[in-house]
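Geometric and topological summary
If you want the building blocks of each chain, they are given just below.
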Amino acid sequence: DQNGQRFTLSKIQGHPIALFFGFTHCPDECPTTLAHLAHAVHAPGVPHDTRVAFITVDPDRDSPATLKRYVRLFDPQFIGLTGGLSQLNPVYDAYHTARRAVPVNQKHSDDSFEHGTTVFYVGRDGMIRGLGQWDDAPDQIARDFKSFQ
């Protein structure tokens with residue numbers, strides 16, 4: 001996680017959680033999604049213990065420190081997750097989340113990524129209870145949080 005600690009969903013089982021895959025250099029979907037999730041978690045009627053986890057598709061650039069700074073821009077309670085590809089590939093596979101580097105120029109540090117834009121809603125029991133999209137409005141996400149806990 002963003003604090004360099006090993007993370008598993010079982011660590012926060014009992015909390016409703018939204019999972020979203022992206023990267024900190026994303027110009028579009030990721031900041032929009034995280035901003036909407038941040039607004040939605042504070043909406044009336046959304047359980048106060050709702051969590052959001054942002055899982056990187058760009059582990060080469062998204063170190064724990066980078067993720068910590070990034071997720072805190074949206075909400076200090078958000079969790080940023082990274083690791084080596086050997087750790088992350090099974091997670092991408094489990095959530096059927098594609099990721100593909102898109103070279104911007106000759107430097108790898110400027111790469112972009114195509115990635116899935118699904119928001120996964122996980123209930124208190126640890127099971128996926130619903131799906132959303134990156135461009136869902138905050139009021140829709142709040143309704144999802146309320147119904148998928």
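Residues numbered from 1 in each chain as written. Predicted model: local features only at pLDDT ≥ 70, side-chain atom pairs only at ≥ 80, totals over all residues. Heavy atoms only, no water.

**Some words on unusual backbone geometry**
Although it is not a glycine, His96 adopts a positive phi angle of roughly 50°. As for its position among the elements, His96 is in the loop between α3 (85–94) and β4 (99–102). You can call His96 exposed: its relative accessible area is 75%. (Helix = DSSP H or I, 4+ residues; strand = E, 2+ residues; numbered from the N terminus. Buried < 20%, exposed > 50% of the residue type's maximum accessible area, 1.4 Å probe, protein only.)

**Brief notes about the environment of Thr118**
Relative to the helices and strands, Thr118 resides in strand β6 (residues 118–122). For Thr118, a relative accessible area of 23% gives the class partly exposed. Measuring from C-alpha to C-alpha, the distance between Thr118 and Leu19 comes to 8.5 Å, with 99 residues separating the pair along the chain. Contacts of Thr118, omitting those with residues within four sequence positions, involve Leu19, Phe20, Leu131, Gly132 and Gln133. (Contact = heavy atoms within 4.5 Å.)

**Comments concerning the packing of aromatic side chains**
Summed over all chains, the structure comprises eight aromatic pairs. Arranged with centres 6.0 Å apart and planes meeting at 65°, the rings of Phe21 and Tyr92 form a pair that is edge-to-face. On the criterion of sequence distance, the pair formed by Phe21 in strand β1 (residues 17–22) and Tyr92 in helix α3 is long-range, its members being 71 residues apart. Comparing Phe21 with Tyr92 shows no difference in burial state: the two are buried. Among the aromatic residues, those joined into a cluster by ring pairs are Phe20, Phe54, Tyr70 and Phe74. (Phe/Tyr/Trp six-rings, centres within 6.5 Å; stacked < 30°, edge-to-face > 60°.)

Bear in mind that shape data such as this cannot, by itself, settle questions of function.
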